[in-house]
Amino acid sequence: MIHLFSVYLLLLLLRPSSAVTTTTTTTISQQFKEAPQFYNSPKCPSITPTHNPTTTTTAVSTAVHVAMTLDAAYIRGSMAAILSVLQHSTCPENIIFHFVTSASSNTSLLRAAIFNSFPYLKFDVYPFDDSQVSGLISTSIRAALDCPLNYARSYLANILPLHVSKVVYLDSDLVLVDDIAKLVATPLADAVLAAPEYCNANFTFYFTPTFWSNPSLSSVFDGRKPCYFNTGVMVMDLDRWRAGGFTRKIEEWMELQKRIRIYELGSLPPFLLVFAGKIAPVDHRWNQHGLGGDNFRGLCRDLHPGPVSLLHWSGKSKPWVRLDAERPCPLDALWAPYDLLKPPFSFDS
């Protein structure tokens, strides 16, 4: 009797290569397991709406809004991030996800993938027109940083519904091990955004000598104590962002970069130019970043000293890539429990 696994391999060998490619593309939504459902504790307040967060402008103040970008290349990381947020939340049913995708991607396929793994999730998907920013992007030290979707975080105030006044932006290469409600509760005071600051970093590294040698440019930091912060984890007041026109301010620096090269690192420096020294600080436990190694070699990194609420594999290498290659870094074992990818040759429906 021929084993079912042998039949599967035979079919793969006999199938035309074009069909294999098509099947791989069209079955992304079946590549991931369904996540367990998580429920609110009895003390959680109820929120409305319960199914479609884009249909109302009232009664959503107790909701936690989370924004993430979503694309096929990083969807495995996105799945793990979503699971980690829900698993460690006291009120997971009060979390509303807002996924931003490239308008040129297969949005319906990405939506189906999220729904199949999280059928109970409150979420919406918003297309981002790459042309809004593609003409403003300058080449950086790593090609992956030049993807237009990396810049979508600068346009969240325009993309998300007006009733979303406060959002937590999260990259796709991280996992939370603490309740996201604690991060949302960060007091912003008069700031537009909050993020962990790293004032011991060499801030001059993020800009070119051309920038620092031009007083008309470097004077932008006069009267400020500029500190590095990572834009992969931010609490953002979208009402203040809209009122202050901060998307346009970021674009102005990008336009200048096209004429005079003043930085090397993609979407981060414009944020630093506009916000460094003006943000509300967040405890470092909420962004243990750099676990993907540096942007050149992707070497293994250790945790920063202190407690941990969020692990972030920013940098060249991603944990799922290293795990698949059987060359993981020690900390990649902390990401693995959130991986929803089905095992190879799984016949689950």
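Here the structure is shown first, and the text comes after it.
These remarks concern the structure in this document. Treat the numbers as computed from the prediction; the structure is a model and nothing was measured.

Glancing now at the overall build of the chain. For the chain, the helix and strand inventory stands at 13 helices and eleven strands. In the chain, once contacts between residues fewer than 6 apart in sequence are set aside, the share between residues at least 24 apart is 76%. For the chain, the computed accessible surface area is about 16,200 Å², with 57% contributed by carbon and sulfur atoms.

Let us now look at the pairing of strand β1 (residues 64-69). Among the six residues in β1, six count as buried, and that is most of the element. By the alternation rule, side chains of β1 split into Val-64, Val-66 and Met-68 and His-65, Ala-67 and Thr-69, which are all buried. Running through helix α3 (residues 75-87), the crossover from β1 to the neighbouring parallel element strand β2 (residues 95-102) is right-handed. Bridging between β1 and strand β4 (residues 166-170) involves two bridges; their strand directions are parallel. Each bridged residue has a counterpart across the sheet, and for Val-66 the counterpart in β4 is Val-168.

Residue Ala-189 is not a glycine yet carries a positive backbone phi of 55 degrees. Examined against the element boundaries, Ala-189 turns out to sit in the loop between α7 (180-184) and β6 (193-195). Backbone geometry places Glu-326, a non-glycine residue, at a positive phi of 55 degrees. As for its placement among the helices and strands, Glu-326 is situated in the segment after α13 (319-324).

This paragraph deals with the state of the cysteines. Across all of its chains, the model carries three disulfides by this definition. In this model, Cys-199 is linked to Cys-227 through a disulfide, with the two sulfur atoms separated by 2.0 Å. The sign of the S-S torsion, about 100 degrees, decides the handedness of the disulfide formed by Cys-199 and Cys-227: right-handed. Pair noted here: Cys-199 is in the loop between β7 (197-198) and α8 (209-212) and Cys-227 is in the loop between α9 (215-218) and β8 (228-229), with a separation of 28 residues, a long-range link. When its relative accessible area of 2% is taken as the criterion, Cys-227 is described as buried. Ordering the disulfide-forming cysteines of the chain by sequence position, one finds them joined as 1-2, 3-4, 5-6.

Cut-offs and rules
Residues numbered from 1 in each chain as written. Predicted model: local features only at pLDDT ≥ 70, side-chain atom pairs only at ≥ 80, totals over all residues. Heavy atoms only, no water. Helix = DSSP H or I, 4+ residues; strand = E, 2+ residues; numbered from the N terminus. Contact = heavy atoms within 4.5 Å. Areas by Shrake-Rupley, 256 points an atom, 1.4 Å probe, with all protein chains shown as cover. Buried < 20%, exposed > 50% of the residue type's maximum accessible area, 1.4 Å probe, protein only. Right-handed = clockwise from strand over helix to strand, strands pointing away. Pairing = 2+ DSSP bridges. Disulfide = S-S within 2.5 Å.

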